[in-house]
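A look at the structure
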Amino acid sequence: MKHLLKLEDWSSEEILNTLDLADKLKYEQKNGIEHKVLKGKTLGMIFEKSSTRTRVSFEVGMTQLGGYPLFLSSNDLQIGRGEPVQDTARVLSRFIDGIMIRTFEQSEVEALAEYGSIPIINGLTDYCHPCQILADLMTIREFKGKLEGLKMSFIGDGNNMMNSLIVGALRTGMSISVACPEGYDPPQRIIDFGKQFGDKFEICRNPLDAAKNADVICTDVWASMGQEQEQKIREKAFKGYQVNDELMAVANEGCMVQHCLPAHRGEEITAEVFEAHADEIFEEAENRLHAQKAVLVKCFTE
Ligand code: CP
Ligand code: NVA
């Protein structure tokens, strides 16, 4: 049994093994080869925030692996009425075989793991989005043929996506330069993580500095789920932190673009750049399915 609470908890080897398994599962699915290793297993999927990709990829992935996905909205669970997560963890551990949770506080995910006795998978918190980053790394490797030695750039907010991309890129031998406005840097624990990798990690204020010679440019919304009331303030703060033609011009030739979606065209990315890189972005979305199946197999069977 294994948890995926945050990407920092998984070694380079575990991440790369997961990507290899995801590639294999993708190949098998495309070729009609069944892989029902989770037959008879139930995954509870707790959602305290909205989702399209995470919900559908886990639900379809669990089904393809022969298991049963159980969608649990916090609007309906007692957790939404204040039942402690510690109790929910102990109850659900007696009914089901694993939990995927999307919520606000990272501490809630950690508490589920501490009090439960089944694998816990983080489907996004305010702090991180490890499942998405495994799909991103899978996609970059698919398009570029490697990860080691590539330069990633992230333009925008020091949010869950930036945090997990910093960990994922550095753990797989990439360098990463991020550009965020003052006051929107990633949290200190992520900066400390990055510093262990010397000049492979850099925080810039000017997006053009971060994007220079990039092999892949990533971005995400300026206001994440739960920050809707800050939309106007953030539109001002992030003005200029946009993936557009001017930014793409300083990157390496053939530079990819990744966006976890949903995207706000005209804010963090222009419609032109989005459409020019739509193949990469929607392959990234598809790879949520394959990467999430790999995470499920690893967490349930190792
Ligand atoms: N990228 C992502 O996690 O999408 P959803 O919010 O639709 O799950
Ligand atoms: N940073 C975004 C990612 C959505 C998948 C959010 O948390 O809303």
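Residue numbers here run from 1 along each chain, matching the order of that chain's written sequence. Here chains are named by letter from A upward and ligands by number from 1 upward, in the order in which they appear as written. Totals for whole chains, interfaces and linings use all residues, but because this is a predicted model, local features are given only for residues with pLDDT of at least 70 and pairs of side-chain atoms are given and counted only at 80 or more. The side-chain quantities take in all heavy atoms of the structure and omit both hydrogens and water.

Next up on the list: the site of ligand 1. We call a residue near a molecule or strand whenever a single non-hydrogen atom of that residue lies within 4 Å of it. In the vicinity of ligand 1, the residues found are S51, T52, R53, T54, R102, H129, Q132, C260, L261 and R288. Distance and chemistry together define a polar contact, namely a pair of N or O atoms within 3.5 Å, with one atom able to donate a hydrogen and the other to accept it when in protein, and with adjacent residues in sequence counting only for side-chain atoms on both sides. At 2.8 Å from an oxygen atom of ligand 1 is found a main-chain nitrogen or oxygen belonging to R53. In short, Shrake-Rupley with a 1.4 Å probe defines the accessible areas, and a residue's cover is counted only from the protein chains shown. Contact with the protein chains hides 95% of the accessible area of ligand 1, taken as 260 Å² for the molecule alone. Residue classes follow a fixed rule: Ala, Val, Leu, Ile, Met, Phe, Trp, Tyr, Cys and Pro count as nonpolar, while Asp, Glu, Lys and Arg count as charged, and any other residue, Gly among them, counts as polar. Its residues assigned to classes, the shell around ligand 1 shows 2 nonpolar, 5 polar and 3 charged.

Glancing now at the sheet that holds strand β2 (residues 68-73). For two strands to count as paired, DSSP must find a minimum of two bridges between them. Numbering of helices and strands starts at the N terminus; helices are DSSP runs of H or I of at least 4 residues and strands are runs of E of at least 2. Pairing in this open sheet of 4 strands is parallel, and the strands run β2-β1-β3-β4 from one edge to the other. Every interior strand has two partners, whereas the edge strands, β2 and β4 (120-122), have only one. On average, each strand axis in the sheet is tilted by 20° relative to the strand beside it, whichever way the strands run. Where strand β3 (residues 98-102) meets β4, 3 bridges bridge the pair, whose relative direction is parallel. Within β4, the residue paired with I99 across the bridge is I120. Geometry is summarised by axes, namely lines fitted to C-alpha atoms with helices restricted to the contacting stretch, and by angles between N-to-C directions that run from 0 to 180 degrees.

In this section: the site of ligand 2. Surrounding ligand 2, one finds L124, N159, N160, D220, V221, S224, M225, C260 and L261. In this structure, an oxygen atom belonging to ligand 2 sits 2.8 Å away from a side-chain N or O atom of N160. Contacts to ligand 2 include S224, whose side-chain N or O atom sits 2.7 Å from a nitrogen atom. Computed on the free molecule, ligand 2 has an accessible area of 270 Å², of which 94% lies beneath the protein chains in the complex. The residue inventory of the shell around ligand 2, partitioned by class, reads 5 nonpolar, 3 polar and 1 charged.

The next subject is helix α5 (residues 130-144). Its 15 residues place the ends of α5 21 Å apart at the C-alpha level, agreeing with the 21 Å of an ideal helix rising 1.5 Å per residue. Categorising residues by exposure relies on relative accessible area from a 1.4 Å probe, with only protein chains included: less than 20% of the type maximum marks a residue as buried, more than 50% marks it as exposed, and the intermediate range marks it as partly exposed. Burial runs high along α5: 12 of the 15 residues are buried. Each residue after the first adds 1.5 Å to the expected span of a helix.

What follows is about helix α2 (residues 53-64). Given a rise of 1.5 Å per residue, 12 residues ought to cover 16 Å, and the 16 Å separating the end C-alpha atoms of α2 matches this to within 8%. Those residues of α2 not exposed but buried are T54, S57, F58, G61 and M62. Down the axis, α2 shows its buried residues gathered within 120° of arc, on one side only. Residue contacts are counted whenever heavy atoms from the two residues lie within 4.5 Å of one another. On its buried face, α2 sits against β1 (42-47), β2, β3, β4, α5 and α12 (278-301). Along the arc lie the directions from the helix axis toward the C-beta atoms.

What follows covers the pairing of β3. Counting buried positions along β3 yields 5 of 5 residues, so the element is predominantly enclosed. Neither face of β3 is open: one carries G98, M100 and R102, the other I99 and I101, and all of them are buried. Summarising the sheet, β1 and β3 pair through 5 bridges and their orientation is parallel. For F47, the partnering residue across the bridge sits in β3 and is R102.

Function cannot be read off these values alone, since they describe shape.
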